[in-house]
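Spelled out, the chains give:
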Amino acid sequence: METKVFYTPNAPRPNAIVPQAVIAGNLIFVSGTVRSDPSTGKLISDQYEEQVIQAFKNVKTILEDAGSSMDKVVKITVFMVAGQDPDFSITNKAYSSFFPVLTPARSAPQVMPFPGGILFSVECIAVI
């Protein structure tokens, strides 16, 4: 099976050593994606809900530019800084707006604080 690293200029790059995604066969594995503004690469907002929405927008862009889409996501993992969304209401609201029809398998571990004020990160696996 052929694998290749995937980047799009339309979404922020995690850092110099982590790819936005890796494509293996007909699957795309999107790396942990955060709330960066795609036009500047700078982190936006210290508000949890805004971070969640922007992270999902960035994932959507990566998937679409790679020839996939949010409705082809089969597994998603959301990483939330502990205590930011105790009842998952904010996360689930954003989640349902990005996955209105098919809800992929999901894990949602709560983690210690990320550096730089990041409160939320999301990674996924999708079919191309």
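Being a predicted model, the structure only gives us computed values, none of them experimental.

## Observations regarding the overall build of the protein
On a plain count of helices and strands, the protein comes out with 2 helices and 7 strands. Going from the N terminus to the C terminus, the protein shows its helices and strands as β-β-β-α-β-α-β-β-β. For the protein, the C-alpha radius of gyration of 14 Å lies close to 14 Å, the compact-globule estimate for 128 residues. A principal-axis box enclosing the C-alpha atoms of the protein has dimensions of 40 × 30 × 25 Å. With 128 residues in all, the protein has 39% of them scored as buried. Partitioning the contacts of the protein with sequence separation of at least 6, the portion at a separation of at least 24 is 67%. Carbon and sulfur atoms make up 58% of the accessible area of the protein, which amounts to about 6600 Å² in all. Here the protein holds 10 positive side-chain charges and 11 negative ones, and the gap between their average locations is 4 Å.

## Things to note about the side chain of Q20
In this structure, Q20 sits in the loop between β1 (3-6) and β2 (21-24). For Q20, the side chain forms a polar contact with the main-chain oxygen of A11, separated by 2.8 Å. A polar side-chain atom of Q20 sits 3.1 Å from the main-chain carbonyl oxygen of P12. Contacts of Q20, omitting those with residues within four sequence positions, involve F6, Y7, T8, A11, P12, R13, P14, F29, V30, S31 and I62.

## Observations regarding helix α1 (residues 48-65)
Taking 1.5 Å of rise per residue, the 18 residues of α1 would be expected to cover 26 Å, and the 26 Å separating its terminal C-alpha atoms lies within 8% of that figure. For α1, the full list of buried residues reads Y48, Q51, V52, Q54, A55, F56, N58, V59, I62 and L63. Positioned one or two residues after α1, G67 has a phi angle of 95 degrees, which is positive.

## Observations concerning the environment of N26
Along the polypeptide, N26 turns up in the loop between β2 and β3 (27-33). Placed 47 residues apart in sequence, N26 and V73 show a C-alpha to C-alpha distance of 12 Å. If sequence neighbours within four positions are ignored, N26 has contacts with A126, V127 and I128.

## Observations regarding the confidence of the model for the protein
Mean pLDDT over the protein works out to 92, with 100% of the residues at or above the 70 mark. The secondary structure element of the protein with the lowest average pLDDT is strand β6 (residues 110-111), at 90, and the one with the highest is β2, at 98.

The rules behind these values
- Residues numbered from 1 in each chain as written.
- Predicted model: local features only at pLDDT ≥ 70, side-chain atom pairs only at ≥ 80, totals over all residues.
- Heavy atoms only, no water.
- Helix = DSSP H or I, 4+ residues; strand = E, 2+ residues; numbered from the N terminus.
- Rg over C-alpha atoms; globule rule 2.2 N^0.38 Å.
- Buried < 20%, exposed > 50% of the residue type's maximum accessible area, 1.4 Å probe, protein only.
- Contact = heavy atoms within 4.5 Å.
- Areas by Shrake-Rupley, 256 points an atom, 1.4 Å probe, with all protein chains shown as cover.
- Lys, Arg positive; Asp, Glu negative; His and termini not counted.
- Charge placed at Lys NZ, Arg CZ, Asp CG, Glu CD.
- Polar contact = N/O pair within 3.5 Å; in protein donor to acceptor, adjacent residues only side chain to side chain.
- Expected span 1.5 Å × (residues − 1).
- pLDDT = per-residue confidence, 0-100.

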